[in-house]
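Coordinates in review
Now for the letters of each chain:
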Amino acid sequence: MKKYSLKSICQKGRTYFLTVLGTLHILNFLFLTAAGIINAFGVVMFLAPVKLFDSGISGTSMLVSQQTPVWCSLSLILILLNIPIFLFGLKKEGPAFTIYSIFAVLVYSVTAWIITDILPVDVTIASPLAETDLFLCAVFGGIISGCGSGLTVRFGGAIDGIDVLGVMFSKRLGLSLGSFVMIYNVFLYIICGIVLGSWILPLYSIVTYATASKTVDFFVEGFDRSKAAFIITTKEKDVCRALSETFENGLTIIDAKGYYSNSPKTMIYFVVNRFQVGKMKNLVHKIDPKAYIAINEVADIFPANLE
């Protein structure tokens, strides 16, 4: 067995630390700070006061904090449940993701503690903004907490350990990540209903989950999604010239062949915004009425570096 001296271990540790440090960016920490504050605001100001539940580990923490002594605050439970999960997933997700995630959870927890215990805001009975209106609390709590979660994902971390558990166990269970998270939340809300002896709050919590999930999608995949058109035509030169001159966008030409006709065709890949779809279809069919057009939604277009 190879033996390592204390000096070599320290050198390896220092090298590893510097390598990890080089992958971290101060801008990410700034946005993660904002994400943690936003998430805490949505949960503490809208969901927790009326006993609605967030999704994932955050929702689990809310249920546990409601059923335990006062000293087991939401902030404490969030740290105790989330951080071990992130550390458990360190090898799978990498050190940068783990550091970003733990930082976001700490900001989330500290902000929640400041709102509940420091600021002169009463969040024990009703939402300071939506009072006891469950629908408003569910919708706005979901939107705001979803903004925080989406911002966290956008800048390299996660604010809820359920995503890490999903990455580690979904494939072993033969599930997709989305299915794993959904099943977890279904079980969570069923347990909430059983513990509370009522299904009203768990059902409204589903509204929160749906709203937050959609908000996260907007942050991760982009607000203004473009449309990708696959155009199959035999008049590729005329179609390409017209598209290029009209929209001043680049396009890609792919050689193709019809299965039944066995005749050569051309596939054109072209990206436009949603307001240009109708104009694009009319333009193509004016040149080639038999052109086949398939349109898909795409997110986050990254232009090529032509330098």
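No experiment lies behind these values; they were computed from the predicted model shown.

**Observations concerning the overall build of the protein**
Counting secondary structure elements, the protein contains 12 helices and 4 strands. Relative to its 307 residues, the protein shows a buried fraction of 41%. The long-range fraction of contacts in the protein, counting pairs at least 24 apart against all pairs at least 6 apart in sequence, stands at 72%. Accessible surface for the protein amounts to roughly 17900 Å². Of this, 66% is attributable to carbon and sulfur atoms.

**Describing the packing of helix 3 (residues 56-67) against helix 9 (residues 177-196)**
Relative orientation of the contacting elements helix 3 and helix 9 amounts to 15 degrees, with a least axis distance of 10 Å. The angle between the axes of helix 3 and helix 9 places the two elements in the roughly parallel class. Considering the relative orientation of helix 3 and helix 9, their crossing is left-handed. Of the residues in helix 9, those touching helix 3 at Gly56, Ile57, Gly59, Thr60, Leu63, Gln66 and Gln67 are Tyr184, Asn185, Leu188, Ile191, Cys192, Val195 and Leu196. Looking at side-chain class alone, the contact of helix 3 with helix 9 contains 8 nonpolar, 6 polar and no charged residues.

**Section: the environment of Leu201**
Tracing the backbone shows Leu201 in helix 10 (residues 200-221). Residue classification places Leu201 among the buried residues on the basis of a relative accessible area of 17%. Along the backbone, Leu201 and Val50 are 151 residues apart, and their C-alpha atoms lie at a distance of 8.5 Å. Setting aside residues no more than four positions away along its own chain, Leu201 makes contact with Val50, Lys51, Leu52, Leu134 and Leu196.

**Describing the pattern of salt bridges**
Going through the model one piece at a time under the given rule, you end up with 2 salt bridges. Across the pair Glu297 and Lys227 runs a salt bridge, and its minimum N-O distance is 3.6 Å. With Glu297 in strand 4 (residues 292-298) and Lys227 in strand 1 (residues 226-233), this residue pair connects regions lying 70 residues apart in the sequence. For Glu297, a relative accessible area of 47% translates into the label partly exposed. Overall, the relative accessible area of 22% leaves Lys227 in the partly exposed class. Salt-bridge contacts for Asp238 lead to Arg241; the nearest nitrogen and oxygen are separated by 3.1 Å. In this pair, Asp238 and Arg241 both sit in helix 11 (residues 236-247), 3 residues apart, roughly one turn of the helix. Exposure remark for Asp238: the relative accessible area of 38% places this residue in the partly exposed category. Judged by relative accessible area, Arg241 falls into the partly exposed class, the value being 45%.

**Topic: the nonpolar core**
In this structure, Leu52 and Phe86 are the most contacted members of the largest nonpolar core, which totals 53 residues. Only helix 2 (26-47), helix 3, helix 4 (74-88), helix 6 (95-118), helix 7 (134-154), helix 8 (162-169), helix 9 and helix 10 provide two or more residues apiece to this core. Beyond its immediate chain neighbours, meaning those up to four positions away, Phe86 contacts Phe97, Thr98, Ser101, Ile102, Val105, Ala158, Ile159, Asp160, Gly161 and Val164. Judged by nonpolar contacts, the second largest core, of 14 residues, contains Cys240, Phe247, Met280 and Ala291.

**So, the side chain of Thr211**
Structurally, Thr211 can be placed in helix 10. Judged by relative accessible area, Thr211 falls into the buried class, the value being 18%. Filtering out sequence-adjacent residues up to four positions away, Thr211 remains in contact with Val139, Gly142 and Ile143.

**Section: the sheet that holds strand 4**
Pairing is antiparallel across the open sheet formed by 4 strands, whose spatial order is 2-3-1-4. Both edges of this open sheet fall to strand 2 (251-257) and strand 4, since each of them pairs with a single strand only. Strand after strand, the sheet turns through a mean of 20 degrees between neighbouring axes, direction not considered. Relative to strand 4, strand 1 runs antiparallel, the two being bridged by 7 bridges. By the bridge assignment, Lys227 is partnered in strand 4 with Glu297. Strand contacts of helix 11: strand 1, strand 2 and strand 3 (264-272), with the helix running at about 10 degrees to strand 3, the strand carrying the most contacts. Sheet strands in contact with helix 12 (residues 277-287) are strand 1, strand 3 and strand 4, and its direction is about 160 degrees off that of strand 4.

Reading the values: rules and limits
Residues numbered from 1 in each chain as written. Predicted model: local features only at pLDDT ≥ 70, side-chain atom pairs only at ≥ 80, totals over all residues. Heavy atoms only, no water. Helix = DSSP H or I, 4+ residues; strand = E, 2+ residues; numbered from the N terminus. Buried < 20%, exposed > 50% of the residue type's maximum accessible area, 1.4 Å probe, protein only. Contact = heavy atoms within 4.5 Å. Areas by Shrake-Rupley, 256 points an atom, 1.4 Å probe, with all protein chains shown as cover. Axes fitted to C-alpha atoms, helices over the stretch in contact; angles between N-to-C directions. Parallel < 35°, antiparallel > 145°, perpendicular 65-115°, else oblique. Left-handed = near helix turned anticlockwise from the far one by under 90°. Nonpolar A, V, L, I, M, F, W, Y, C, P; charged D, E, K, R; others polar. Salt bridge = Lys/Arg side-chain N within 4 Å of Asp/Glu carboxyl O. Core = buried A, V, L, I, M, F, W, Y, C linked by side-chain atoms within 4.5 Å. Pairing = 2+ DSSP bridges.

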